[in-house]
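Below, each chain spelled out in residue letters.
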Amino acid sequence: MRKIIDKILENIAVLLITAMICVASWQVLSRYIFKSPSTFSEEFLRFSIIWLSMLGIAYVFGKNQHISIDFLKRKFTIKERFSLELLIIIIFTLFSAVIMIGGGVHAVAMSTKQISPSLGIPMAYVYLSLPVSGIFIILYSILNILDLKNKYNELI
């Protein structure tokens, strides 16, 4: 399951970065070569970086490579480390459920009629990055809890 989610996020990230490179190149060409600046490129790049960042947060969480303070963890016993790591996952999960999914769905609902000036798309598509990333984080949380349980069962 983890490999499937990883592959989905990796492919989306590659597509977004490729599109961003193409659009940024077009922006430079249109501005400096054709002397006619692109009207959509800046907004597209801004929205793309939002999506890329939000999905990147989920991906990094799934890989357990988010920022952590290990020196404190090393002072605990194995059971205390398990409890601390489980607590961290639970906090991430609650944050994702309440803020990212709950708040994101609310933001999407509130912005369906708000249209972006250059691209002409509903702003809800931009805010949709919050609940989508929150769902990925919750899926990863379940997998991380299972991995954590297996890891500490082997140590005990």
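Keep in mind that what you see is a predicted model, and the values were worked out from it rather than measured.

Conventions we followed
- Residues numbered from 1 in each chain as written.
- Predicted model: local features only at pLDDT ≥ 70, side-chain atom pairs only at ≥ 80, totals over all residues.
- Heavy atoms only, no water.
- Axes fitted to C-alpha atoms, helices over the stretch in contact; angles between N-to-C directions.
- Helix = DSSP H or I, 4+ residues; strand = E, 2+ residues; numbered from the N terminus.
- Parallel < 35°, antiparallel > 145°, perpendicular 65-115°, else oblique.
- Left-handed = near helix turned anticlockwise from the far one by under 90°.
- Nonpolar A, V, L, I, M, F, W, Y, C, P; charged D, E, K, R; others polar.
- Buried < 20%, exposed > 50% of the residue type's maximum accessible area, 1.4 Å probe, protein only.
- Contact = heavy atoms within 4.5 Å.

*Asks:* Sorry if this is basic, but what is going on with the packing of helix H1 (residues 2-33) against helix H2 (residues 41-62) here?
*Replies:* In a pair of packed helices, the angle between the axes and the distance between the axes together describe the arrangement. Interaxial distance between H1 and H2 falls to 10 Å at its minimum, and their mutual angle equals 155 degrees. By the angle between their axes, H1 is roughly antiparallel relative to H2. Judged by the twist between their axes, the crossing of H1 over H2 is left-handed. Of the residues belonging to the contact of H1 with H2, the class tally is 17 nonpolar, four polar and four charged.

*Asks:* Would you explain unusual backbone geometry in this entry?
*Replies:* Most of the time, phi is negative for any residue but glycine, and the peptide bond is trans. Of note, the phi angle at Lys-35 is positive, near 55 degrees, even though the residue is not glycine. Tracing the backbone shows Lys-35 in the loop between H1 and H2. On the accessibility criterion, Lys-35 (65% relative accessible area) is exposed. Of note in the backbone geometry, Asn-64 takes a positive phi value of approximately 55 degrees without being a glycine. Residue placement: Asn-64 occurs in the loop between H2 and helix H3 (70-73). Judged by relative accessible area, which is 46%, Asn-64 ranks as partly exposed.

*Asks:* Sorry, what's going on with the environment of Leu-9 here?
*Replies:* By the element assignment, Leu-9 lies in helix H1. As for Leu-9 and Glu-154, which are separated by 145 residues in sequence, their C-alpha atoms are 30 Å apart. When neighbours within four sequence positions are excluded, Leu-9 is seen to be in contact with Leu-55, Ala-58, Tyr-59, Phe-136 and Tyr-140.

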